[in-house]
Amino acid sequence: MSDLFPNADTVVKTGATYARDLAERVLSTFLQAFVGALVVSTPLDVSMWQTAAMAGVAAAVSLVKGLVARVRSVANSASLARGV
């Protein structure tokens, strides 16, 4: 198999890769939720701080999900999917 992809990097699941994976997931969730809330809240005249708070709640839920995934699923993975 390595002959087919000679330059492919092997993903080694360590605590550092888990932390990076979880941080990326939480940050991307915050940004997606912030943009979504901003689009929805603009016509409703909601403040920027309230929009950021809504995105923060989504990011916090993402963080909790990633922590639960590590305990429930494969070690050093922030995904609930088996084998990821």
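The following paragraphs examine the structure supplied in this document. Every chain's residues receive numbers from 1 upward, in the order its sequence appears when written. For a predicted model such as this one, the threshold for reporting local features is a pLDDT of at least 70, and the threshold for listing and counting side-chain atom pairs is 80 or more; totals across whole chains, interfaces and linings nevertheless cover every residue. Side-chain metrics rest on all non-hydrogen atoms present in the structure, leaving aside hydrogens and water.

## Observations concerning unusual backbone geometry
Condition: Only DSSP runs of H or I reaching four residues or more are called helices, and only runs of E reaching two or more are called strands; each is numbered from the N terminus.
You will see that Asp45, though not glycine, has its phi angle at about 60°, which is positive. Relative to the helices and strands, Asp45 is located in the loop between α1 (15-41) and α2 (48-72).

## Quick look at the nonpolar core
We apply this condition: By nonpolar core is meant a set of buried Ala, Val, Leu, Ile, Met, Phe, Trp, Tyr and Cys residues that side-chain atoms within 4.5 Å join together. Partly exposed describes any residue whose relative accessible area lies between the buried limit of under 20% and the exposed limit of over 50%, with all areas from a 1.4 Å probe on protein chains only and scaled to the type maximum. By definition in these notes, contact holds between two residues if any of their heavy atoms fall within 4.5 Å.
Residues Tyr18, Leu22, Val26, Ala59 and Ala78 constitute the largest nonpolar core, which totals five residues. Sorting elements by how many residues they give to this core places α1 first, with three residues. When neighbours within four sequence positions are excluded, Ala78 is seen to be in contact with Tyr18, Asp21, Leu22, Arg25, Lys65, Gly66 and Ala69.

## Regarding α1
Basically, it comes down to this: Here the expected span of a helix is defined as 1.5 Å times the quantity of residues minus one.
With 27 residues, α1 should cover 39 Å at 1.5 Å per step; its first-to-last C-alpha distance of 38 Å lies within 8% of that length. Listing the buried residues of α1 in full gives Tyr18, Leu22, Val26, Phe34, Ala37 and Ser41. On the buried face of α1, the contacting elements are α2.

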